[in-house]
Amino acid sequence: MSQKITESSSNYQNLEQMSVGELLRGIHQEDKKVLPAIERVIPQIEKLVSLIVERMKVGGRLFYVGAGTSGRLGILDASEIPPTYGVGYDLVIGLIAGGDKALRIAVESAEDDENLCWKELQDYKVSKNDTVVGIAASGSTPYVVGAVTHSRKHGMLTACITNNLKTPLAREVDIPIEVIVGPEFVTGSTRMKAGTAQKLILNMITTSLMIKLDRVKGNKMVNMQLNNRKLIDRGVRMIVEETGIDVDVAAKMLEKYGSVKKVLDELRNQG
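Residues numbered from 1 in each chain as written. Predicted model: local features only at pLDDT ≥ 70, side-chain atom pairs only at ≥ 80, totals over all residues. Heavy atoms only, no water.

Things to note about the side chain of S10
Following the sequence through the fold, S10 ends up in the segment before α1 (20–31). Its relative accessible area of 6% is what places S10 among the buried residues. A distance of 3.4 Å separates a polar side-chain atom of S10 from the backbone oxygen of E184. Excluding its chain neighbours within four sequence positions, the residues that come into contact with S10 are P183, E184, F185 and T187. (Helix = DSSP H or I, 4+ residues; strand = E, 2+ residues; numbered from the N terminus. Buried < 20%, exposed > 50% of the residue type's maximum accessible area, 1.4 Å probe, protein only. Polar contact = N/O pair within 3.5 Å; in protein donor to acceptor, adjacent residues only side chain to side chain. Contact = heavy atoms within 4.5 Å.)

Below you can see the structure in the form of C-alpha cells.
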C-alpha cells in the first residue's frame, strides 16, 4: 500500500536542534505551498459552489462533516456565516465526530464509526436539495466516508476536501477537491498546511455562496447581525458611504430598521 502524502516524512530533519528563527522560517516556507495548491483546484471549487447555489435557492442546506481538526474547521466556518451574513444557523451546518465535546477535547475514536454521521444527518431530515461536504486530510476517515457514501445514495450532492490523491473519500463523492500541499513540517501534523488549505477553501465556498445569494451589496456585509457596538458603527459607516446622508440620521435609521440592507432599501424607496 502506497504511503499517503500527508504521512510522508517532513522535508526538514532534527527539528529539535533548530533555533526558533529556523523553525519559524521553515514553517513559513512550507506554508507558501498552500496557495498554489488551492489555485490548482479552483475549477472544482467553482463547480461545487455553482451547484450549491442552485440547491440553496430551493431550500437546500450545506453540511460540513469531519473529525478532529477538519471537523473543527467545518464548524468554525459554519458558525461564522449567520452573524456575518444575517442568515439562520440552519443554512450551513457543521458536524464533528464526537459531537460538541470534540471541539475542545479530542475524541479521536469517534471517527472510526462509518455509520454515525449518517445517523446524525438524519436528525436534520436531510433531502435531495442538501449538500454534504466531507473534510478529511487523510481521505479515509470512516465517519466522513460513511457520511458522503450514504448521502450520495440518497440523492444529495456530495463533495470532499482532502489532502491526498485517489482516496476512499474522493471515490465516494460527486466533486472531489484534492488539494495537495505536500509533507507537513512536523511529519503527519495535518493541522498545519493541510488544515490551512482546508480553512481557505471553506472561506471561498461560503463567501462565494453568500455573495451569489445576495447577502452582499457592492463589497459590504449589508445583512450582518448588529450585535455589538463595533458592528453598529460599521453599519452606520456603510450607510453613510453608500448614500451620503448624515451620520446621526443613518444611526437612527439603522436602529429603527435593524439592518443596513433594510435601511438602503427604504432610502431607495423614498428616492
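Next comes the rest of the account.
Focus on unusual backbone geometry
The backbone phi angle of N14 is positive, close to 50°, even though this residue is not glycine. Its place among the elements puts N14 in the segment before α1. You can call N14 partly exposed: its relative accessible area is 45%. Non-glycine residue K125 carries a positive phi angle of around 50°. Looking at where K125 falls in the secondary structure, it is placed in the loop between α5 (116–122) and β3 (131–135).

Here's the deal with the pairing of strand β5 (residues 175–178)
By the alternation rule, side chains of β5 split into I175 and I177, which are all buried, and P176 and E178, of which none is buried. The sheet contact formed by strand β4 (residues 157–162) and β5 spans 4 bridges and is parallel. Paired with A159 across the bridge in β5 is I175. (Pairing = 2+ DSSP bridges.)

Remarks on the side chain of T206
With respect to the secondary-structure elements, T206 resides in helix α8 (residues 193–212). Among the residues examined, T206 registers a relative accessible area of 1% and is labelled buried. Sequence-distant contacts of T206, that is, excluding residues within four places in its chain, are made with L62, Y64, D77, I81 and V92.

A closer look at the pattern of salt bridges
Following the criterion strictly, the structure yields 9 salt bridges and no others. Notably, a salt bridge pairs R61 with D130, separated by 2.8 Å at the nearest N-O pair. Pair noted here: R61 is in the loop between α3 (42–56) and β1 (62–66) and D130 is in the loop between α5 and β3, with a separation of 69 residues, a long-range link. Judged by its relative accessible area of 16%, R61 is buried. (Salt bridge = Lys/Arg side-chain N within 4 Å of Asp/Glu carboxyl O.)

A closer look at the packing of aromatic side chains
Applying the stated criterion across every chain yields a total of 2 aromatic pairs. Taking 4.9 Å as the distance between ring centres and 50° as the angle between the ring planes, the aromatic pair formed by Y12 and F185 counts as tilted. Here Y12, found in the segment before α1, pairs with F185, found in the loop between β5 and α8; they are 173 residues apart in sequence, far enough to count as distant. (Phe/Tyr/Trp six-rings, centres within 6.5 Å; stacked < 30°, edge-to-face > 60°.)

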